[in-house]
Amino acid sequence: MLLDQSDTVFAGQIPALYDRYLVPFIFQGYADLLAERTTALQPARVLEVAAGTGVVSSALAARLPNAHVLATDLNQAMLDYAASNRAAPNLEWRQADAMALPFADGAFDTVVCQFGVMFFPDRVHAYREMLRVLKPGGTFLFDTWDRLEENEIPMTVSDAVAALFPDDPPSFIRRTPHGYHDQDAIHRDLSAAGFRQIEIETVGHRSVAPSPRDPAFALCAGTPLRNEVEARDPSRLEEAIEAATAAVAARYGSDTVEGEIQAHLVTAS
């Protein structure tokens, strides 16, 4: 699927809302897993691409106290938020584009990316950049969401918001976060970039939120879905949140809500 121009805009209130609501809801479990797999490799220099608000960055810095962790993101607003909330002595923040990494060949033992590859406009080109900055025998670890139908609450929110705009339904969640789930395509892209050893593991988790409004608010206001809604009608963001809240409550109850989520964990070297 092609990216919309608004898909990569994480600015304004989005970084803070993303970190407060989405990280505990769907990202923390996978961040811990990615950090655990990276730590097992015992790298001395780690590059994180598309670091967002730094949930993986801080986990890596804590688990690898003798390593240097360089966390990068295209969005300066996300980095600013991360740097102000997740500082560590061995953790450095730097704005960088995955399509043109400003680092020397073979500079890192490991490259890590949590739920960022879906946003790359040319994944094969970006993967070549990851391979270029890795030392010989280095490892690239990343995760990407499985199809939307395997992620219950995000699909419920996406469908509820789409129903409000039947002539031009917002599709960010399906198009981008959940738009790169085909394992054959992932393997093909990595192979085309030059990676030779590729493993793809599908990992399920439970997403938990204290109320139906929390995931509705998080996904509607703390992701570029907000940009899509406001581009159609700036006055309807709260309506979208309420519609999504009602849909989540109808399916999962009015108190604590839980749903299945699923992603692919990819290791390439």
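Report on the accompanying structure. (Residues numbered from 1 in each chain as written. Predicted model: local features only at pLDDT ≥ 70, side-chain atom pairs only at ≥ 80, totals over all residues. Heavy atoms only, no water.)

**Quick notes on the nonpolar core**
Of all hydrophobic cores here, the largest spans 94 residues; its most connected members are Met 130, Phe 140, Leu 190 and Phe 195. Ranked by the residues each element gives to this core, the list is headed by helix H1 (residues 14-40), at 13 residues. With sequence-adjacent residues up to four places away left out, Met 130 is seen in contact with Val 49, Ala 98, Leu 101, Val 111, Phe 120, Phe 140 and Phe 195. (Core = buried A, V, L, I, M, F, W, Y, C linked by side-chain atoms within 4.5 Å. Buried < 20%, exposed > 50% of the residue type's maximum accessible area, 1.4 Å probe, protein only. Helix = DSSP H or I, 4+ residues; strand = E, 2+ residues; numbered from the N terminus. Contact = heavy atoms within 4.5 Å.)

**So, the environment of Val 49**
Along the chain, Val 49 falls in the loop between strand E1 (45-48) and helix H2 (55-63). Owing to a relative accessible area of 2%, Val 49 belongs among the buried residues under this scheme.

**As for the environment of Pro 212**
Within the fold, Pro 212 resides in the loop between strand E6 (198-209) and helix H8 (213-221). Expressed as a C-alpha distance, the spacing of Pro 212 and Pro 102, which sit 110 residues apart in the sequence, is 42 Å. What Pro 212 contacts, discounting residues up to four positions off in sequence, is Thr 245, Val 248, Ala 249, Gly 253, Ser 254, Asp 255 and Val 257.

**Remarks on empty space enclosed by the protein**
Following the criterion strictly, the structure yields one cavity of 30 Å³ or more and no others. As a volume, the largest cavity reaches approximately 30 Å³. Together, Tyr 30, Leu 33, Asp 143, Val 203, Ala 263, His 264 and Leu 265 line the largest cavity. Among the secondary structure elements, those contributing two or more residues to the lining of the largest cavity are H1 and strand E7 (257-268). Looking at the lining of the largest cavity element by element, the count peaks at three residues for E7. (1 Å grid on protein atoms, 1.4 Å probe; cavity = no way out; pocket = protein on both sides within 12 Å on 5 of 7 lines; lining within 4 Å. Points joined across faces, edges and corners; volume = space filled by probe spheres on them.)

**Observations regarding the sheet that holds strand E3 (residues 91-95)**
The seven strands lie next to each other as E3-E2-E1-E4-E5-E7-E6, forming an open sheet whose pairing is mixed. The two strands at the open ends of the sheet, each matched to only one other strand, are E3 and E6. Averaged over neighbouring strand pairs, the angle between their axes works out to 20° when direction is ignored. Relative to E7, strand E5 (residues 134-145) is paired through six bridges, and the arrangement is antiparallel. Note on E7: the bridge partner recorded for Phe 140 is Ala 268. Running at roughly 130° to E6, helix H7 (residues 183-193) makes contact with E5, E6 and E7 of the sheet. (Pairing = 2+ DSSP bridges. Axes fitted to C-alpha atoms, helices over the stretch in contact; angles between N-to-C directions.)

**Overview of the packing of aromatic side chains**
Considering all chains together, one arrives at 12 aromatic pairs under this definition. Ring plane angle 25° and centroid distance 5.7 Å describe the contact between Tyr 127 and Phe 142, whose orientation is recorded as stacked. One end of the pair, Tyr 127, is in helix H4 (residues 123-133); the other, Phe 142, is in strand E5, with 15 residues separating them in the sequence. Per residue, the accessibility class of Tyr 127 equals that of Phe 142, and both read buried. Ring-pair connections join several aromatic residues into one group, and the members of that group are Phe 27, Tyr 30, Phe 115 and Trp 145. Against the face of Tyr 180 rests Arg 123, its NZ or CZ located 3.9 Å from the ring centre. A cation over an aromatic ring shows up here: Arg 236 above the ring of Phe 165, its NZ or CZ 4.5 Å from the ring centre. (Phe/Tyr/Trp six-rings, centres within 6.5 Å; stacked < 30°, edge-to-face > 60°. Lys NZ or Arg CZ within 6 Å of the ring centre and 35° of its normal.)

**Describing the pairing of strand E2 (residues 68-73)**
Counting buried positions along E2 yields five of six residues, so the element is predominantly enclosed. A crossover links E1 with its parallel partner E2, the connecting element being H2, and its sense is right-handed. As judged from the five bridges shared by E2 and E3, these two strands associate in the parallel manner. Looking at E3, one finds that Val 69 is bridged to Leu 91. (Right-handed = clockwise from strand over helix to strand, strands pointing away.)

**Quick word on the packing of helix H5 (residues 152-164) against helix H10 (residues 237-252)**
When two helices pack together, their arrangement is captured by the angle between the axes and the distance separating the axes. Remark: H5 packs on H10, axes separated minimally by 8 Å, with the N-to-C direction vectors making an angle of 135°. Considered as vectors, H5 and H10 are oriented oblique to each other. When the axes of H5 and H10 are compared, the crossing they make is right-handed. Touching Glu 152, Ile 153, Met 155, Thr 156, Val 157, Ala 160, Val 161 and Leu 164 of H5 are Glu 239, Ala 240, Ala 243, Ala 244, Ala 247, Val 248, Arg 251 and Tyr 252, all from H10. (Parallel < 35°, antiparallel > 145°, perpendicular 65-115°, else oblique. Left-handed = near helix turned anticlockwise from the far one by under 90°.)

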